[in-house]
Amino acid sequence: MKLTDAVIKNINHQDKDQFFSMQGTEGLTLVVYKYPSTSKTWFYQYRPKGKNSLRLKVGTYEELGINKAVSIFQIRLIL
């Protein structure tokens, strides 16, 4: 599913956490936390060689939106 502002705004909180991957940005994931939380948070998830998976918080959807989250994600890849 392609994540757009309209799609993200229409995602309802359910009784379990939901994970949505952003196409074209391997590792950038939107997590919609279970009800009653209203949080939608961007994370960058990756696996260093031979180690367990790591997850870094990029920020909330409400603060960043899509474009800024992708920009931050791309900057972190360069660093």
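Basis of the calculations
- Residues numbered from 1 in each chain as written.
- Predicted model: local features only at pLDDT ≥ 70, side-chain atom pairs only at ≥ 80, totals over all residues.
- Heavy atoms only, no water.
- Helix = DSSP H or I, 4+ residues; strand = E, 2+ residues; numbered from the N terminus.
- Polar contact = N/O pair within 3.5 Å; in protein donor to acceptor, adjacent residues only side chain to side chain.
- Contact = heavy atoms within 4.5 Å.
- Buried < 20%, exposed > 50% of the residue type's maximum accessible area, 1.4 Å probe, protein only.
- Pairing = 2+ DSSP bridges.
- Axes fitted to C-alpha atoms, helices over the stretch in contact; angles between N-to-C directions.
- Phe/Tyr/Trp six-rings, centres within 6.5 Å; stacked < 30°, edge-to-face > 60°.
- Lys NZ or Arg CZ within 6 Å of the ring centre and 35° of its normal.

A. How the structure looks around the side chain of glutamine 18. Mapped onto the elements of the fold, glutamine 18 is located in strand E1 (residues 18-21). One polar contact links the side chain of glutamine 18 to the main-chain carbonyl oxygen of asparagine 12, over a distance of 2.9 Å. The residues touching glutamine 18, leaving out its near neighbours within four places in the chain, are Ile11, Asn12, His13, Leu30, Val31 and Val32.

B. How the structure looks around the environment of aspartate 5. The topology assignment puts aspartate 5 in helix H1 (residues 5-9). On the accessibility criterion, aspartate 5 (38% relative accessible area) is partly exposed. Taking the C-alpha atoms as reference, aspartate 5 lies 7.5 Å from glycine 65; in sequence the two are 60 residues apart. Of the polar contacts made by the side chain of aspartate 5, one reaches the side chain of tyrosine 61; its length is 2.7 Å.

C. Spatial organisation of the sheet that holds strand E3 (residues 40-46). Strand order in the open sheet made by the 4 strands is E1-E2-E3-E4, with antiparallel pairing throughout. At either end of the open sheet lies a strand with only one pairing partner, and these are E1 and strand E4 (54-60). On average, each strand axis in the sheet is tilted by 30° relative to the strand beside it, whichever way the strands run.

D. The packing of aromatic side chains, seen in detail. Per the counting criterion, the structure on display carries 1 aromatic pair. Here tyrosine 44 and tyrosine 46 contribute two aromatic rings whose centre-to-centre distance is 5.2 Å and whose plane-to-plane angle is 20°, an arrangement assigned as stacked. Residue tyrosine 44 is classed as buried on the basis of its relative accessible area, which comes to 13%. The class of tyrosine 46 is partly exposed, set by a relative accessible area of 30%. Here the basic side chain of arginine 55 rests over the ring of phenylalanine 43, its NZ or CZ set 4.3 Å away from the ring centre.

Spatial relationships are all this shows, so hold off on functional conclusions.
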